[in-house]
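# Summary of structural features
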Amino acid sequence: MEDFADVCDYLLLDYEIQGKTGGTGRQIPTGTAIEAALFAKSHNENIELFLAGGMDVERIKNDGKKLAKIFTFFDVNSGVECEPGVKNTDKINELMKIKVL
């Protein structure tokens, strides 16, 4: 991560399971995500950070304020789907009503 943080403008943190990233629904534990983000920021204070990996309405409600202090973007792609590739408008609408700042 140090090598990437030193040369990147943006960094995405995602959960990997058995070589697969994206769509697994697995979350990076909040403390681990924050620790990794702080490490990246310590090498590049201007880096913009994305958090992916199991981001859904419940996680944004529970941890959004804490995560929004360090992450610029959340990837909620599969977190607002009712099945792979099919977005759920109710989940999207609920997500848009959450205030994290």
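Residues numbered from 1 in each chain as written. Predicted model: local features only at pLDDT ≥ 70, side-chain atom pairs only at ≥ 80, totals over all residues. Heavy atoms only, no water.

### Details of the sheet that holds strand E5 (residues 73–74)
- Taking strand neighbours across the sheet as the criterion, the three strands line up as E1-E4-E5 in an open arrangement whose pairing is parallel. Of all the strands in the sheet, just strand E1 (10–13) and E5 have a single pairing partner and so form its edges.
- Across two bridges, the pairing between strand E4 (residues 48–51) and E5 is parallel. In the sheet register, Phe-50 faces E5, and the bridge partner there is Phe-73. (Pairing = 2+ DSSP bridges. Helix = DSSP H or I, 4+ residues; strand = E, 2+ residues; numbered from the N terminus.)

### As for the nonpolar core
- Membership of the largest hydrophobic core comes to 21 residues, with the highest contact counts inside it found for Leu-13, Leu-49, Leu-51 and Phe-71.
- Secondary structure elements with two or more residues in this core: E1, helix H2 (30–43), E4 and helix H3 (57–68).
- The leading source of residues in this core is H2, at five residues.
- With residues up to four places along the chain from it excluded, the contact list for Leu-49 reads Leu-11, Ala-37, Ala-40, Lys-41, Ile-70, Phe-71, Thr-72 and Phe-73. (Core = buried A, V, L, I, M, F, W, Y, C linked by side-chain atoms within 4.5 Å. Buried < 20%, exposed > 50% of the residue type's maximum accessible area, 1.4 Å probe, protein only. Contact = heavy atoms within 4.5 Å.)

### Re the pairing of E4
- Taking every second residue as pointing to the same face, the buried face of E4 carries Leu-49 and Leu-51, while none of Glu-48 and Phe-50 on the other face is buried.
- Strand direction decides the pairing type here: E1 and E4, joined by four bridges, are parallel. By the bridge assignment for E4, Tyr-10 is matched with Glu-48.
- Traced from E4 through H3 to E5, the parallel crossover comes out right-handed. (Right-handed = clockwise from strand over helix to strand, strands pointing away.)

### Some points on H3
- Under the 1.5 Å per step criterion, the end-to-end length of H3 is only 14 Å for 12 residues, more than 12% shorter than the ideal 16 Å.
- Among the residues of H3, those classed as buried are Val-57, Arg-59, Ile-60, Asp-63, Gly-64, Leu-67 and Ala-68. On an axial view of H3, the arc spanned by its buried residues comes to 155°, and they lie on one face. Summarising the geometry of H3, the exposed residues directed more than 90 degrees from the buried face are Asn-62 and Lys-65.
- Against H2, E4, E5 and helix H4 (89–96) lie the buried residues of H3. (Expected span 1.5 Å × (residues − 1). Arc of directions from axis to C-beta.)

### Things to note about the confidence of the model for the protein chain
- When pLDDT is averaged along the protein chain, the result is 90, and 97% of the positions lie at 70 or above.
- Per-element confidence in the protein chain ranges from a low mean pLDDT of 70 for strand E3 (residues 20–21) to a high of 96 for E4. (pLDDT = per-residue confidence, 0-100.)

### Brief notes about the packing of aromatic side chains
- Here the structure, examined in full by the defined rule, presents two aromatic pairs.
- Here the aromatic rings of Phe-50 and Phe-73 are separated by 4.4 Å at their centres, their planes lie at 25°, and the arrangement is stacked. Highlighted residues: Phe-50 in strand E4 and Phe-73 in strand E5, separated in sequence by 23 residues. (Phe/Tyr/Trp six-rings, centres within 6.5 Å; stacked < 30°, edge-to-face > 60°.)

### As for the pattern of salt bridges
- In the structure shown here, the tally under the stated rule is four salt bridges.
- A salt bridge links Glu-58 to Lys-61; the shortest N-O distance between them is 3.9 Å. On the criterion of helical spacing, the pair formed by Glu-58 and Lys-61 is a turn pair, its members being three residues apart in helix H3.
- Exposure remark for Lys-61: the relative accessible area of 43% places this residue in the partly exposed category.
- Via salt bridges that share partners, Glu-58, Lys-61 and Glu-94 belong to a single interconnected network. (Salt bridge = Lys/Arg side-chain N within 4 Å of Asp/Glu carboxyl O.)

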